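Structural characterization, general
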Amino acid sequence: MFAHSSRVGSNGPDVRCLDCGQRLLPDGRDGHQWYMVRDQVWDQTSLAPLGGCLCLACLEARLGRALTWRDLDQDAGPINRPSELDAPKLRALKVAAASAETGKG
Ligand SMILES: [Zn+2]
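Described in the following lines is the structure provided in the data block.

Each value, and the rule that gives it
Residues numbered from 1 in each chain as written. Predicted model: local features only at pLDDT ≥ 70, side-chain atom pairs only at ≥ 80, totals over all residues. Helix = DSSP H or I, 4+ residues; strand = E, 2+ residues; numbered from the N terminus. Contact = placed C-beta atoms within 7 Å. Buried ≥ 20, exposed ≤ 12 C-beta atoms within 10 Å, placed from the backbone. Core = buried A, V, L, I, M, F, W, Y, C linked by C-beta atoms within 7 Å. Expected span 1.5 Å × (residues − 1).

1. Quick look at the overall build of the protein chain
Within the protein chain one finds three helices and zero strands. Reading the protein chain from its N terminus to its C terminus gives the helix and strand order α-α-α. Contacts spanning at least 24 positions in sequence make up 60% of the contacts within the protein chain whose residues lie at least 6 apart.

What follows is the structure, given as structure tokens:
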């Protein structure tokens, strides 16, 4: 359900990937990996709905495939909106999802 389970504080939480241990909210260097995927995608990781966070690479490793914008939870709100702070790959997914969203109807 969630790619993370912590709220973002003013200084940012020290949130790490469960599998590789890298920080998902680094201080502006490598880019944030802060996002939420659909319940059915998270279910495939064998993690509990609020079991923690995974970086993109480790999430893809658990899924056994590349992540696509369709995997992002479209109802998640601002967390899935593109940000300058996002890692480039994640931002590309968010941009694709956002453009698909606005392209509806
Ligand atoms: Zn990782």
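2. As for the environment of Arg23
Note that Arg23 resides in the segment before helix H1 (39-43). Judged by the 17 C-beta atoms lying within 10 Å of it, Arg23 is partly exposed. For the pair Arg23 and Leu54, spaced 31 residues apart in sequence, the C-alpha to C-alpha distance is 9.7 Å. Dropping the residues within four chain positions of it, Arg23 is found in contact with Asp14, Val15 and Arg16.

3. Overview of the nonpolar core
Core analysis: the largest hydrophobic core is formed by 16 residues, its most contacted members being Leu24, Tyr35, Val37 and Leu72. Contributions of two or more residues to this core are made by H1 and helix H3 (88-102). The leading source of residues in this core is H3, at three residues.

4. As for the environment of Trp42
Examined against the element boundaries, Trp42 turns out to sit in helix H1. Look at Trp42 and you get buried, because 24 C-beta atoms sit within 10 Å. When the C-alpha atoms of Trp42 and Leu63 are compared, they prove to be 8.8 Å apart, with 21 residues separating the residues in sequence.

5. Thoughts on H3
Under the 1.5 Å per step criterion, the end-to-end length of H3 is 21 Å for 15 residues, consistent within 8% with the ideal 21 Å. Looking at the packing, one finds that the buried side of H3 touches helix H2 (56-63).

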